[in-house]
Amino acid sequence: MTAGQAFPADGIDLRSDAAPRLELVRGKSVIKRFCAPASQVTVGDPQVANVVVPNAGEVVIVARSVGTTNLIVSGRDKKSTVIDIAVGVDTSALRSQFDTLFPQEKDVRIGSSGNALILSGMVSDAAVASQLVELATAFQAIGSSGAESTSGAGSPAPAGVGSRMEVTMSDP
């Protein structure tokens, strides 16, 4: 990177004192570029995230399982940057299913905590709430089959669906 050249939005500034944090989705990969060439890249837990270093200026991070780890990038100036990595569950397919099957339920939020899904928001009745939880549970079962998850320390993370939905009653 030359002086005056803009630093890319997908980059990691190895000169900064701020500890960067990456939020990734299990099963997806990202490319991150460095502001300066790296001499060494090490990942803490390759079961959570694996790295491929195609050249000294970038890294490909593959989010393998739910959990946390870190990446240590050492520059040629012998300074190291620690990057925290959190890998979560991809909820975009579930969001799409909710929007298709329950288009009137606009206030349902999907989050995750470790490998567990968390549903929250307002729904029109208890039957809809139950159906949403059933759909999320089925999604969770399909998504976790064959996919290992770790808490970052090598121990399995609990999976499941938590619900904090409220039912709103319409006036007659």
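Cut-offs used in this document
Residues numbered from 1 in each chain as written. Predicted model: local features only at pLDDT ≥ 70, side-chain atom pairs only at ≥ 80, totals over all residues. Heavy atoms only, no water. Pairing = 2+ DSSP bridges. Helix = DSSP H or I, 4+ residues; strand = E, 2+ residues; numbered from the N terminus. Axes fitted to C-alpha atoms, helices over the stretch in contact; angles between N-to-C directions. Buried < 20%, exposed > 50% of the residue type's maximum accessible area, 1.4 Å probe, protein only. Lys, Arg positive; Asp, Glu negative; His and termini not counted. Salt bridge = Lys/Arg side-chain N within 4 Å of Asp/Glu carboxyl O. Contact = heavy atoms within 4.5 Å.

A. Fine view of the pairing of strand E3 (residues 29-34). Of the strand pairs in this sheet, strand E1 (residues 11-12) and E3 are connected by two bridges, and their pairing is parallel. Bridging across to E3, Ile12 finds its partner in Phe34. Here five bridges tie E3 to strand E6 (residues 58-63), and the two strands are oriented antiparallel to one another. The partner of Val30 across the bridge, within E6, is Ile61.

B. Representation of the sheet that holds strand E8 (residues 80-88) in the model. On the basis of which strands lie adjacent, the open sheet formed by four strands has the order E2-E8-E7-E4 and mixed pairing. Every interior strand has two partners, whereas the edge strands, strand E2 (21-25) and strand E4 (38-43), have only one. Between one strand axis and the next, the sheet turns by 25° as a mean value, whatever way the strands run. Direction of pairing for E2 relative to E8: parallel, over a ladder of five bridges. Each residue of the ladder has a partner; that of Leu24, found in E8, is Val87.

C. Focus on the environment of Val59. Mapping Val59 onto the fold places it in strand E6. C-alpha separation for the pair Val59 and Val41, spaced 18 residues apart in sequence, amounts to 8.3 Å.

D. Fine view of the side chain of Glu105. With respect to the helices and strands, Glu105 occurs in the loop between helix H1 (92-101) and strand E9 (108-113). Buried and without a salt bridge, Glu105 has Arg95 as its closest oppositely charged side chain, separated by 9.2 Å. What Glu105 contacts, discounting residues up to four positions off in sequence, is Met122, Val123, Ser124 and Val128.

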